[in-house]
Amino acid sequence: MTKSFTLNKVLSGADFTMGVATSSFQIEGASELREPCIWDTFCQVPGAVKDSSDGRTACDHYHLWQQDIALIDELGFDAYRFSVCWPRIICADGSVNQQGLSFYLAILNELQRRGIKAYVTLYHWELPQFLEDEGGWLNRETAYAFADYARVVATAFGDKVSAYTTLNEPYCSAFLGYEIGVHAPGKVGKQYGKKAAHHLLLAHGLAMQVLTDICPDIPSGLVLNFTTYYPATQSDADKQATLLAKAHFNDWYASPALTGQYPPLLESLPAAERPVIEPGDMAIISAPMAYLGVNYYTRALVQACPGGHFEILPPADNVPVTAMNWEIYPQGLRDLLLQLHNEYDLPPLFITENGMAEDDVVQNGQVHDKVRVNYLQHHMQAVAEAMEHGVDVRGYFVWSLLDNFEWAEGYLKRFGIVHVDFDTQQRLPKQSALKLSEWLKQRR
Ligand code: IFM
């Protein structure tokens, strides 16, 4: 028997948003109705995706969106965070795909009709292939193209949106996609990562200008993924290594957006790895945001290596891990929120993603994902504790509504609170969804 959710008073207030999240490429399918993106291309590279799958059908949300939104409503969530697929909106010849816009407008209308708030992300990693062909995020022009696309979307969506996110997890696009090549477009080279990151951050800043211009009353911000880093031992070397890992992976994105400056690490990078920063860029990147989105999944231990380098250690054998082999460490979320609160002058925060992959099995028409139930409960508790220590968190979104295309892992890792049978496209709420739902309904 899976335990019930304990009602958490701090998160029970009517003004605390409880939502569920997805992203376009991971669920939509219907790739034939849009321009190709970098993930379509990457999926064709032998060995790039573990199960050799792709996003052509995914959860077929493009056709099943009505039932998926009905499910969000039945489960009792206040908000739905989803992303718009850039190549479904802008065609290679620069024209606007009206069919693509209509798809999202129908979703927004339905959410509005049901009283569910729409949190819209403009970029969750599907760069149009026609822009990658011109250099992608290594080309500064891509940032301006993103701002143009943001203008088209914001103009069409009007006041149907509760909040906009410019980018989801630029670290993944820049580092995983352009430095170590495990994500699309699969480029490898230390000289690429931070250059791509700068253009992504510039794109964020330029889009913030557009959103402020078109919809000044809709809160807009950026979503960053954070790992909480701890030294493997209390040695000075490991402590220094931890600071360095944090500077590369967390502060490299948070600091420019929140303070207008890269971390001091910038000065110590070899010239070939430094981004080209033009006058005025940092002011654009640090435009005030209405909120910062925090995605948290795990922590990591860091060990010093010879030559001032560092190594991120895999989880120890005796710690609980998810199906991704990510350590389950709820305290890391509390520590992270307090760390951000102490180090930055923060806007309000939203936990925009939190959740886990479990090796779920359907038994007698049910999925008893008790590890996920505990995971969610303990992470929500960690958020509540941070709030009690003064951190201003306004909402929490579970990742994810549906089992979906988990990037380089294909369909092998299930993050959903709703099970998806990828042969029949049947949806089955897992115990985590049902337990959360009981709590969400009491809370109402
Ligand atoms: O599935 C991803 C999502 O697209 C971005 N954040 C992390 C999730 C789990 O890996």
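Residues numbered from 1 in each chain as written. Predicted model: local features only at pLDDT ≥ 70, side-chain atom pairs only at ≥ 80, totals over all residues. Heavy atoms only, no water.

Description of the state of the cysteines
Operational definition: In this description, the term disulfide denotes a pair of cysteine sulfurs within 2.5 Å. Between buried and exposed lies partly exposed: a residue is buried under 20% and exposed over 50% of the maximum accessible area for its type, with that area taken using a 1.4 Å probe on protein chains only.
In the structure shown here, the tally under the stated rule is zero disulfides. Take C37: it sits in no disulfide, and the sulfur closest to it among the cysteines is that of C85, at 5.9 Å. On the basis of relative accessible area, C37 is assigned to the buried category, the value being 0%. Of all cysteine sulfurs, the one in C43 lies closest to C59, which takes part in no disulfide; the gap is 14 Å.

With respect to helix 7 (residues 141-157)
Residues three or four positions apart in an α-helix share a direction because the helix packs 3.6 residues into each turn. To keep it simple, the criterion reads: Strands here are runs of E lasting at least two residues and helices are runs of H or I lasting at least four, both read from the DSSP assignment and numbered beginning at the N terminus. How far a helix is expected to stretch is found by multiplying one less than its residue total by 1.5 Å. This arc describes the spread of directions from the helix axis toward the C-beta atoms.
With 17 residues, helix 7 extends 25 Å from end C-alpha to end C-alpha; this agrees with the ideal 24 Å at 1.5 Å per step. Of the residues making up helix 7, those classed as buried are T142, A143, F146, A147, Y149, A150, V153, A154 and F157. Projected down its long axis, helix 7 carries its buried residues within an arc of 165°, all on one side. Pointing more than 90 degrees away from the buried face of helix 7 are the exposed residues E141, D148 and T155.

Some details on the site of the ligand
The following threshold applies: We call a residue near a molecule or strand as soon as one heavy atom of that residue lies within 4 Å of the molecule or strand. Each polar contact in these results corresponds to two N or O atoms within 3.5 Å; when the atoms are within protein, one needs to be able to donate a hydrogen and the other to accept it, and residues that are neighboring in sequence are counted only if both atoms are side-chain atoms. Methods summary: accessible areas were calculated by the Shrake-Rupley approach with a probe of 1.4 Å, and residue burial reflects only the protein chains presented. Note that Gly is not counted as nonpolar here; it falls among the polar residues with everything else outside the nonpolar set of Ala, Val, Leu, Ile, Met, Phe, Trp, Tyr, Cys and Pro and the charged set of Asp, Glu, Lys and Arg.
Taken together, Q26, H124, W125, N168, E169, Y297, W326, E353, W399, E406, W407 and F415 make up the full set of residues adjacent to the ligand. In this structure, a nitrogen atom belonging to the ligand sits 2.8 Å away from a side-chain N or O atom of E169. Here an oxygen atom of the ligand and a side-chain polar atom of W399 are 3.3 Å apart. Protein chains bury 95% of the 280 Å² of accessible surface belonging to the ligand in isolation. A class-by-class count of the residues in the shell around the ligand yields six nonpolar, three polar and three charged.

Quick word on the layout of surface pockets
Counted only if it meets this: Grid points spaced at 1 Å and placed over the protein atoms alone form the basis of the search, with a cavity being a set where a 1.4 Å probe fits but cannot get out and a pocket an open set showing protein on both sides within 12 Å along at least five of seven lines. Lining residues have an atom within 4 Å of a point. Grid points are joined across faces, edges and corners, and a volume is the space filled by probe spheres set on the points.
Estimates place the volume of the largest pocket at around 1,100 Å³. For the largest pocket, the lining is made up of 46 residues, of which Y171, L176, T227, T298 and W326 are closest to its centre. Mapped by element, the contributors of at least two residues to the lining of the largest pocket are helix 8 (170-178), strand 5 (220-231), helix 10 (236-259), strand 6 (291-305) and strand 7 (309-313). By residue number, the principal contributor to the lining of the largest pocket is strand 6, which donates seven residues. Here the lining of the largest pocket is built from residues that sort into 28 nonpolar, 11 polar and seven charged. What the second largest pocket holds in volume is close to 500 Å³. If you go around the second largest pocket, you meet 19 residues; those closest to its centre are K190, L244, H248, H309 and F310. Secondary-structure elements contributing two or more residues to the lining of the second largest pocket are helix 9 (190-214), helix 10, helix 11 (265-268) and strand 7. Each residue belonging to the lining of the second largest pocket can be placed in one class, and the counts come to nine nonpolar, six polar and four charged.

With respect to the pairing of strand 2 (residues 79-83)
How we decide: Only strands that DSSP links by at least two bridges are regarded as paired with each other.
Buried residues dominate strand 2, accounting for five of its five residues. Every second residue of strand 2 is oriented toward a common face, with A79, R81 and S83 on one face and Y80 and F82 on the other, all of them buried. Where strand 1 (residues 17-21) lies against strand 2, three bridges are found, and the strand directions are parallel. Paired with A21 across the two strands is R81, which belongs to strand 2. Looking at chain direction, strand 2 and strand 3 (residues 117-123) are connected through five bridges and run parallel. Note on strand 3: the bridge partner recorded for F82 is V120.

Re the packing of aromatic side chains
Applied cut-off: When the centres of two rings from Phe, Tyr and Trp lie within 6.5 Å, Trp using its six-membered ring, the rings pair. Their planes under 30 degrees apart give stacked, over 60 give edge-to-face, and anything left gives tilted. Placement of a positive charge over a ring is assigned whenever Lys NZ or Arg CZ falls within 6 Å of the ring centre and within 35 degrees of the normal to the ring plane.
For the structure shown, the criterion picks out 35 aromatic pairs. Each ring, one from W39 and one from F405, has its centre 6.1 Å from the other, and the planes form 80°; the classification is edge-to-face. Taken together, the residues span a long stretch of sequence, with W39 in helix 2 (residues 38-43) and F405 in the loop between strand 9 (393-399) and strand 10 (418-421) at a distance of 366 residues. Using a relative accessible area of 1% as the deciding quantity, one classes W39 as buried. Judged by its relative accessible area of 0%, F405 is buried. Grouping aromatic residues by their ring pairs yields a cluster made of F25, W39, F42, W125, F405, W407, Y411 and F422. If you follow R88 out to its NZ or CZ, it ends over the ring of F103, 5.9 Å from the centre. Over the face of the ring belonging to Y329 we find R299, whose NZ or CZ atom lies 3.8 Å from the ring centre.

Concerning the side chain of K413
Our working definition: The positive count covers Lys and Arg only, the negative count covers Asp and Glu only, and His and the chain ends enter neither. When a carboxyl oxygen of Asp or Glu lies within 4 Å of a side-chain nitrogen of Lys or Arg, that pair is called a salt bridge.
Relative to the helices and strands, K413 is located in the loop between strand 9 and strand 10. Comment: no salt bridge for buried K413; closest opposite-charge side chain is E409, at 4.4 Å. Of the polar contacts made by the side chain of K413, one reaches the backbone oxygen of A323; its length is 3.1 Å.

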